[in-house]
Amino acid sequence: MKELRKGYTTGTCAAAASKAAVLAALGQRRNSVWVLLPSGRSLAIPIEEAGFNKGRGFGAVRKYSGDDPDVTDGILIYSRARLVPEEEPSVKVTGGEGVGRVTKAGLACPPGEAAINPVPMEMIKRETLEGAREGGFKGAVHIEIIIPEGRRLAGKTFNPQLGIEGGLSILGTSGIVEPMSEDAIRGTIKAEISVEAASGAEYILIAPGNYGETFIKEKMNLGDVYCVKCSNFVGDTIHMAAEMGFKGMLFTAHIGKLSKVAAGAMNTHSKYGDGRMEEMAAAARAAGAGEGVLEDIRKEVTTDGAVEILKRHGCLQKAMDIIAERAAENMRKEAGPSMEIAVVMFSNRYGLLAETENAGAMGEKLRGKGRK
C-alpha cells in the first residue's frame, strides 16, 4: 500500500509567509524559507509570492495538505509585515481578511481575538523574529495574516458551529498535516464540547453523525439544541464531557453503532471489530428467543435485517431494550458516577427502537438548555 503523503498546517504556512514577508521588507526575497516545527525538526517551505508594496513586505505560501482531504489545500496564505524601527524588538500578530474571529468562550483563543491558535501564534512570532535577525533588523514587526479565500471556505469547516466568524482558523499543534488524522477528529470533538461547556451548558447532546442528530431533534423537539458529532469516538467523547464537568449526556445512535457499544466497543470503527450480530443474538436469547432465531440473526448481514427477524418472532422490543440498557451501562462505566447517561436507539427503516428510562427527562433538561 502506498504511504500517504503528509502536508503542512495553516500555522506552518502563516509562519513561513511571515518570515518571507519580513525578509522582503528588508530587501531580501526568498524562494523558500526554513521553519522550525514544534517537534524540533526544520522544514523548507516554498514561497509562492514575496515582495514590497505600500511600505510593507509581503509573503505568500500555498497550503499543501498532502493526502489529507482538507478544504484548505491549495489556498494562498499571506502575511504582511510592517517594520517599526523605533520600537523595541517584538512581534505583534493580527488576523486580517479571511482569518476567522472568535465569538464564543471555550476555545484556545479568547472571544474577540483572531482565530490563530497558540502553537501557530508562537511559530509566527518565532519565524518573524528569525527573519528580522537574518535581515539585520532590531526593531518591532507588525504582522497581519490574510487568507483571500478564507471567508468563502469557512462554511465548509466546523468554524460556524464553533462560533468562529468571517474566515478560517490558523491551526496546527505539530506543524504537519497527518492524512486522515484521528487526533484531528478528536480535537474537533473536544473543541465543540469545550464551547458548550463555556456557554454554561450542564447537559450535552451527542450523536455519531447527521442521521442521529436529525432523528433525535425531530423526535424530542430539540431543534435549538447544539449536537456534538462524535463519529466513532464514543469513549473519547464521554471522557471529554465528563472531564469538562457535564452533569448528563443524551446519546442517540443507530442500532448498528449502539449494538457495538453494548458489546463493549468504545470506538465503533470497523477496524476494531464488529460484534453487532453476536450482541443482537445475545439480546435475543435474553429476550427468550429460540436457538433457530439466534442462528438466523448470526447469519444476517445488516442490523435492520436482524430487527426484522426479531419483529417477526415477537421479541423485538424486549431485545432492543436490553441492547439500549447494555450500551448505556457500558457508557456509564466510562463516564464515572458524576455524569448521567441516557440513550436513544433508532433504525433508519424502523424509527425509534428503544430508549433508556431517563431519556425523556434528559431531553427536557436539554430543551431547558441545561444552563447554569
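Rules behind the numbers
Residues numbered from 1 in each chain as written. Predicted model: local features only at pLDDT ≥ 70, side-chain atom pairs only at ≥ 80, totals over all residues. Heavy atoms only, no water. UniProt positions renumbered as here; feature names shortened; annotations may be inferred. Helix = DSSP H or I, 4+ residues; strand = E, 2+ residues; numbered from the N terminus. Buried < 20%, exposed > 50% of the residue type's maximum accessible area, 1.4 Å probe, protein only. Contact = heavy atoms within 4.5 Å. Areas by Shrake-Rupley, 256 points an atom, 1.4 Å probe, with all protein chains shown as cover. Pairing = 2+ DSSP bridges. Axes fitted to C-alpha atoms, helices over the stretch in contact; angles between N-to-C directions. Core = buried A, V, L, I, M, F, W, Y, C linked by side-chain atoms within 4.5 Å. Phe/Tyr/Trp six-rings, centres within 6.5 Å; stacked < 30°, edge-to-face > 60°. Parallel < 35°, antiparallel > 145°, perpendicular 65-115°, else oblique. Left-handed = near helix turned anticlockwise from the far one by under 90°. Nonpolar A, V, L, I, M, F, W, Y, C, P; charged D, E, K, R; others polar.

Looking up the protein in an unreviewed UniProt entry gives the name Cobalt-precorrin-5B C(1)-methyltransferase, with the organism given as Candidatus Allocopromorpha excrementigallinarum. Recorded under Pathway (unreviewed entry), the UniProt text for the protein is reproduced unchanged: "Cofactor biosynthesis; adenosylcobalamin biosynthesis; cob(II)yrinate a,c-diamide from sirohydrochlorin (anaerobic route): step 6/10." The annotation that UniProt attaches to the protein under Catalytic activity (unreviewed entry) is "Co-precorrin-5B + S-adenosyl-L-methionine = Co-precorrin-6A + S-adenosyl-L-homocysteine".

Right, let's get into the overall build of the protein. A tally of helices and strands in the protein yields 13 helices and 18 strands. If you line up the protein on its principal axes, its C-alpha atoms span 85 × 50 × 30 Å. A buried classification covers 51% of the 372 residues belonging to the protein. Sequence separation of at least 24 residues holds for 70% of the intrachain contacts in the protein that already meet a minimum separation of 6. Looking at the protein as shown, the accessible area adds up to about 17000 Å², and 50% of this sits on carbon and sulfur atoms.

Once that is clear, we can look at the sheet that holds strand β17 (residues 340–347). Where strands meet in a sheet, backbone hydrogen bonds hold them as pairs that are either parallel or antiparallel. One open sheet holds the five strands; their spatial order is β15-β14-β16-β17-β18, and the pairing between them is mixed. In this open sheet, the two edge strands, each paired with only one partner strand, are β15 (227–229) and β18 (351–355). Here the average twist between neighbouring strands, direction ignored, is 25°. Pairing between strand β14 (residues 203–207) and β15: three bridges, direction parallel. Within β15, the position partnered with Leu205 by the bridge is Cys227. Contacts from helix α6 (residues 210–220) reach β14, β15, β16 (248–254), β17 and β18 within the one sheet, and its direction differs from that of β17 by about 100°.

Turning to the sheet that holds strand β10 (residues 140–146), a few remarks are in order. Taken together, five strands build an open sheet; the order of strands is β4-β5-β6-β10-β7 and the sheet is mixed. Lying at the two open borders of the sheet, with one neighbouring strand each, are β4 (49–53) and β7 (90–95). Geometrically, the sheet is characterised by an average inter-axis angle of 20° between neighbouring strands, direction not taken into account. When β4 meets strand β5 (residues 56–62), the two strands line up antiparallel, connected through five bridges. Bridge pairing links Gly51 to Phe58 in β5. Strands in contact with helix α1 (residues 10–25) are β4, β5, β6 (76–84) and β10; relative to β6, the strand with the most contacts, it is inclined by about 40°. Contacts between helix α2 (residues 118–135) and the sheet are confined to β7 and β10, with β7 contributing the most and set at about 135° to the helix.

Our next topic: the nonpolar core. One finds Met249, Met280, Met320 and Met331 to be the most contacted residues of the largest nonpolar core, which totals 53 residues. If sequence neighbours within four positions are ignored, Met280 has contacts with Ile255, Ser259, Ile297, Thr303, Ala306, Val307, Leu310, Met320 and Ile323. Listed in part, the 41 residues of the second largest apolar core include Ala24, Ile45, Met121 and Val141.

This part is about the packing of aromatic side chains. Centre distance and the angle of the planes are the two values used to describe a pair of aromatic rings. Going through the model one piece at a time under the given rule, you end up with two aromatic pairs. Ring centres of Tyr8 and Tyr64 lie 5.9 Å apart, and the angle between their planes is 55°; on these two criteria the pair is classed as tilted. With Tyr8 in strand β1 (residues 7–8) and Tyr64 in the loop between β5 and β6, this pair connects stretches of sequence that are 56 residues apart. Ring geometry for Phe215 and Phe346: centres 4.6 Å apart, planes at 15°, overall stacked. Of this pair, Phe215 sits in helix α6 while Phe346 sits in strand β17, placing them 131 residues apart in sequence. Phe346 matches Phe215 in its accessibility class, with the two residues each being buried.

Once that is clear, we can look at the pairing of β10. Most of β10 sits inside the fold, with six of its seven residues counted as buried. The pairing of β6 with β10 spans seven bridges and is classified as antiparallel. Along β10, the bridge assignment pairs Tyr78 with Ile146. Both β7 and β10 contribute to a ladder of six bridges, which runs parallel. Directly across from Thr94, in β10, lies its bridge partner Glu144.

Before going further, it helps to spend a moment on the packing of helix α7 (residues 234–243) against helix α12 (residues 316–335). Two elements in contact, α7 and α12, have axes separated by 9 Å at closest approach and are oriented at 50°. Classified by the angle between their axes, α7 and α12 sit oblique to one another. Taken as a pair, α7 and α12 cross one another with a handedness that is right-handed. Every residue of α12 that contacts α7 at Val234, Ile238, His239 and Ala242 is listed here: Met331, Glu334 and Ala335. Residues that form the contact of α7 with α12 fall into these classes: five nonpolar, one polar and one charged.

A few words now on α6. Residues Gly212, Glu213, Phe215, Ile216, Lys217 and Met220 constitute the buried set of α6. Summarising the contacts, the buried residues of α6 are in contact with β14, β15, β16, β17, β18 and α13 (359–367). Within two residues after α6, Asn221 carries a phi angle of roughly 55°, on the positive side.

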